[in-house]
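Geometric and topological summary
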Amino acid sequence: NRTLVLINGTRGAPFGFRNSVDLNSIPAPLVERVEVLTGGAAAIYGADAVAGVVNFILKSDFEGVEANAIYNITEEGDGDEYGVNLTFGTNVGDGRGNISGYLGYNNRSPVFKSDRAFAAPERNDDGPITTRPLGGTFSLADASENAAPFDFSAFGGPADATAFGFEDDGSLVPGATSSVLSGRESLIIAQERLNAAVFFDYELSNAVELYGRGTYTRTESVDVLPPVNISTTFLLRRDNPFLSDQLGTVLDGAFNRDADGNLGGDEAALLRVQRSIGEFGDRETETVRNQGQAQLGVRGDLGSNIRYDFYAQYGVTDSTSTIYGEGVASRFSQGIAATVDAAGNPVCIDASGGCVPIDIFGPNAISQQAVDYVTSEITQTRRREQFVSAFTLSGDTESFLTLPAGPVSWAAGVEYRDEEGTNNYDGLNQT
């Protein structure tokens, strides 16, 4: 983020809000050399160059056609990646100019943490991370009301359990349950990329040389994360349609509220549930990014010892990220507080807004109708624009002053740069 990336001495177009440049947008077959300035270069280039400068110098006289293809695969036999590149160019005007072009395509397959033993299960200093209960972990919302409310003695378990949950096979057990879901997370993100670029220069005279470039990159990627988690309280009534006979027996001593949730009754219990909602599927973020930059400049000699350079360039990046597998928390909380109507059908206690009752007692218990009610796509769009214009004069004093070590070189210039960024969230994302 603090290394300035230049292309032929001018800024590359940033793709995000941190001024980072996507090096994949630079056509590798046209790179002639790379100049690296390490250490603090902020005095020359500004704060973007605190860590240094990397300048990609591209070939200015490429002639002919070059094509190549690449295929990579990991030693595990997955994560395959393939790409094709086509580079072409020709000199024009009896060698007074050159135009070069580039087309490239790259496709990379994903690798997940479950594909590597070192990554799944995810670990920290204490051991494997198992804090995402797919079957749910349930406890009394206020433990001070009853320290050990769940009685498993009728099923060969303790009579004073403080929590209950469901194993991955659906069986009811005392205590907290958990599943390792981090293996479903991307280790290498799936990506598809298309690049196109054109570079040109043409010398009209010793005093006027036109030059410029145009670049375009389209990138599509899919990042996968484990299912969403939720931790919320809800009122569980005895007439909850999803309450099994076994669970009703276990919870009998925990019902200490009336049907409206007030203490002092025996019709309901206020529970807290912590649960990964595997029924929503994995969270997937699909991002499409389009980036382009156009530059036009003119340079030349003003006499034998003075040279000028003027250019203007504009770059823009538009990206849209769509997140799948997310849901509206308020709808979930509304749906899990369920009861039955006069005909014995499952309904929400608060039926407003088309609420669909939700069964959360066990993994994969939530119906597709309930999933459709709770889930919603989330979108985020970003636009990043950059305009740069600069004029420089440079030369030396050879024609009128030469010191023992040679003439004095000098340079002076002015630059104008305008950066803009916009980040838009849809209505659901904002709330």
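Preceding block: the structure.
Everything numeric here is computed off the predicted structure, so don't read it as measured data.

On to the packing of aromatic side chains, then. Taken as a whole and judged by the stated rule, the model has 8 aromatic pairs. Aromatic pair Y82 and Y105: ring centres 6.2 Å apart, planes at 50°, arrangement tilted. Of the two residues, Y82 is situated in strand β6 (residues 81-92) and Y105 in strand β7 (residues 97-108); the sequence distance between them amounts to 23 residues. An aromatic cluster is built from F138, F150, F164, F166 and F361, whose rings are joined through pairwise contacts. Over the ring of F15 we find R289, and its NZ or CZ is 4.4 Å from the ring centre. Between the NZ or CZ atom of R331 and the centre of the ring of Y373, over which it lies, the distance is 5.8 Å.

Our next topic: the nonpolar core. Counting residues in each nonpolar core, the largest one holds 35 residues, and the members touching the most others are F150, F164, F234, F332 and I360. Elements with a minimum of two residues in this core: β11 (137-140), β12 (163-166), β17 (229-237), α2 (245-251), β18 (268-276), α3 (329-336) and α4 (368-374). For this core, the element with the highest residue contribution is α4, accounting for 4 residues. Excluding residues that lie within four positions of it along the chain, F234 makes contacts with F138, A269, L270, L271, V273, I336, I360 and F361. Counting 12 residues, the second-largest nonpolar core is a separate cluster that includes V21, V54, F62 and A197.

We now examine unusual backbone geometry. We note that N8 has phi near 55°; this positive angle belongs to a residue other than glycine. A relative accessible area of 39% places N8 in the partly exposed class.

Below, the discussion takes up the sheet that holds β11. Strand order in this open sheet of 5 strands is β13-β12-β11-β18-β17, and the pairing throughout is antiparallel. This sheet does not close on itself; its edge strands, each paired only once, are β13 (172-174) and β17. In this sheet, adjacent strand axes meet at a mean angle of 25° when their direction is disregarded. Pairing geometry for β11 and β12, over 3 bridges, is antiparallel. Within the sheet, the bridge partner assigned to T137 lies in β12 and is G165.

To continue, consider the side chain of N305. Relative to the helices and strands, N305 resides in the loop between β19 (283-301) and β20 (306-324). Of note is the side chain of N305, whose polar atom sits 2.8 Å from the side chain of S304. A distance of 3.0 Å separates polar atoms of two side chains, one belonging to N305 and the other to D396. Among residues more than four places away in sequence, those in contact with N305 are S394, G395, D396, E398 and S399.

With that settled, consider the sheet that holds strand β24 (residues 409-425). Read across the open sheet, the 9 strands follow the order β5-β6-β7-β15-β16-β19-β20-β23-β24; overall the sheet is antiparallel. The two strands at the open ends of the sheet, each matched to only one other strand, are β5 (64-72) and β24. Taking each pair of neighbouring strands and ignoring which way they run, the sheet shows an average axis angle of 5°. Sheet analysis places β19 next to β20, joined by 18 bridges and oriented antiparallel. Note on β20: the bridge partner recorded for R299 is D309.

What counts, and where the lines are drawn
Residues numbered from 1 in each chain as written. Predicted model: local features only at pLDDT ≥ 70, side-chain atom pairs only at ≥ 80, totals over all residues. Heavy atoms only, no water. Phe/Tyr/Trp six-rings, centres within 6.5 Å; stacked < 30°, edge-to-face > 60°. Helix = DSSP H or I, 4+ residues; strand = E, 2+ residues; numbered from the N terminus. Lys NZ or Arg CZ within 6 Å of the ring centre and 35° of its normal. Core = buried A, V, L, I, M, F, W, Y, C linked by side-chain atoms within 4.5 Å. Buried < 20%, exposed > 50% of the residue type's maximum accessible area, 1.4 Å probe, protein only. Contact = heavy atoms within 4.5 Å. Pairing = 2+ DSSP bridges. Axes fitted to C-alpha atoms, helices over the stretch in contact; angles between N-to-C directions. Polar contact = N/O pair within 3.5 Å; in protein donor to acceptor, adjacent residues only side chain to side chain.

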